[in-house]
Amino acid sequence: LLKIFTLLPGFEKLGLPKTCRTLLQTIRQTPLRLVSPGHYYHFGITESIELLLKRLNVDRVDNDIIKIQFNVDGIPIAKSSESCLWPILGLIERIDGSVPFPVGIYHGYGKPKDPNEFLYDFVREVCLLQQIGFVYNGRKIDVEVSGFLCDAPAMAFIKCIKSHTGYYSCSKCTVKGEWAGRVVFLNEEKGEKRTDATFRNRAHVKHHNNESSSLELLGVDMIHGFPLDYMHLVCLGIMRKMLWYWIHGPLNVRMGRLRIEKISERLLDVSCYIPRE
């Protein structure tokens, strides 16, 4: 349309630009920060919160406190290479219509080598918000971090602890796993429960990697603030293995065709109540 308008007599008097980039104020260069082996862009937490509150027509926040859950995960975006994204997402609690918003995003050919370098902008802004908050509609709003919702690999990465395949990988207790062929199983003996204090004091050295996580600066409970991932551990973990074993396993445990069909019928009956995710 702008190109057509340039043909009209008196176009200069309209005060319109000649390109859509000028009209929409499109950013010509995106400020990226080098995070080996890729780059990171920080959207900002304060700006994202304000945009979301205005979009939801929220005039006043209850008790002038906003509690936010955060998520970190890795997403492969190509099969022919190791190109991947690592977004940091936030979700405001107890606000109707609240949806996840982007805080920052990393792209590279491989996961970030240093989790603290990856989280640098995020941790710095959260610390600032916890100290001074921000102003919305003329009122000072305090910000609290309620926790991090991550799957096991991402949680181990940002907490700088042993991966879920390690001997001392349990994030809740000090039990030592046992190597069984391809994986490490946590035995049934009861280990000592981990606490936020024992985590920060490195009471169990073998649970940690060489460096401490910058997330410890946020004041979040390093144990209870990182709940276990039910979907991967139970639904896609134990339950999936058991179903496969009952359908394709040895004959002495394998279910018959009629029973399998009956289970399939019941799954289809409840499918309308299950989220697509």
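In short, a report on the structure. (Residues numbered from 1 in each chain as written. Predicted model: local features only at pLDDT ≥ 70, side-chain atom pairs only at ≥ 80, totals over all residues. Heavy atoms only, no water.)

Describing the overall build of the chain
Secondary structure assignment for the chain yields ten helices and ten strands. The C-alpha radius of gyration computed for the chain amounts to 25 Å, which surpasses the reference 19 Å derived for 277 residues by more than 25%, pointing to a less compact arrangement than a globule. Viewed in the frame of its principal axes, the chain has a C-alpha envelope of about 85 × 55 × 40 Å. Looking at the chain residue by residue over its 277 residues, the buried ones come to 34%. Intrachain contacts of the chain at a sequence separation of at least 6 include 57% that bridge at least 24 residues. Per element, the accessible surface of the chain, about 18,800 Å² overall, is 58% carbon and sulfur. (Helix = DSSP H or I, 4+ residues; strand = E, 2+ residues; numbered from the N terminus. Rg over C-alpha atoms; globule rule 2.2 N^0.38 Å. Buried < 20%, exposed > 50% of the residue type's maximum accessible area, 1.4 Å probe, protein only. Contact = heavy atoms within 4.5 Å. Areas by Shrake-Rupley, 256 points an atom, 1.4 Å probe, with all protein chains shown as cover.)

A look at the packing of helix H4 (residues 45–55) against helix H6 (residues 120–132)
The angle between the axes and the distance between the axes are what describe a pair of packed helices. Packing of H4 against H6 brings their axes to within 10 Å, and their N-to-C directions diverge by 65 degrees. As the angle between them shows, H4 and H6 are arranged roughly perpendicular. Touching Ile45, Thr46 and Glu47 of H4 are Phe122, Glu125, Val126 and Leu129, all from H6. Class assignment for the residues of the contact of H4 with H6 results in four nonpolar, one polar and two charged. (Axes fitted to C-alpha atoms, helices over the stretch in contact; angles between N-to-C directions. Parallel < 35°, antiparallel > 145°, perpendicular 65-115°, else oblique. Nonpolar A, V, L, I, M, F, W, Y, C, P; charged D, E, K, R; others polar.)

Overview of the packing of aromatic side chains
Evaluated as defined, the whole model comprises ten aromatic pairs. With centroids separated by 5.9 Å and ring planes inclined at 90 degrees, the aromatic side chains of Tyr40 and Phe118 adopt a geometry described as edge-to-face. Residue Tyr40 is located in strand S2 (residues 38–42), and its partner Phe118 is located in helix H5 (residues 115–118); the two are separated by 78 residues in the primary sequence. Here Tyr40 and Phe118 have matching classes, each one buried. (Phe/Tyr/Trp six-rings, centres within 6.5 Å; stacked < 30°, edge-to-face > 60°.)

Describing the nonpolar core
In a soluble, globular protein the nonpolar side chains are often hidden away together inside. Counting residues in hydrophobic clusters, the biggest one holds 47 residues, and the most contacted among them are Phe118, Phe122, Phe148 and Leu215. When contributions to this core are tallied by element, the ones reaching two or more residues are H4, strand S3 (65–72), strand S5 (83–92), strand S6 (101–109), H6, strand S7 (134–136), strand S8 (139–148) and helix H7 (152–159). Ignoring anything within four residues of it in the chain, the contact list for Leu215 reads Leu119, Phe122, Val123, Phe148, Ile158, Val220, Met222 and Phe226. (Core = buried A, V, L, I, M, F, W, Y, C linked by side-chain atoms within 4.5 Å.)

Comments concerning unusual backbone geometry
Trans peptide bonds make up the majority, and among non-glycine residues the majority have a negative phi. The peptide bond linking Ser36 to Pro37 adopts the cis configuration, its omega dihedral lying at 5 degrees. Tracing the backbone through its elements, the reader meets Pro37 in the loop between strand S1 (33–35) and S2. We note that Asn57 has phi near 55 degrees; this positive angle belongs to a residue other than glycine. Within the element layout of this structure, Asn57 appears in the loop between H4 and S3. The phi dihedral of Asn63 falls on the positive side, at around 60 degrees, and the residue is not glycine. Checked against the element boundaries, Asn63 lands in the loop between H4 and S3.

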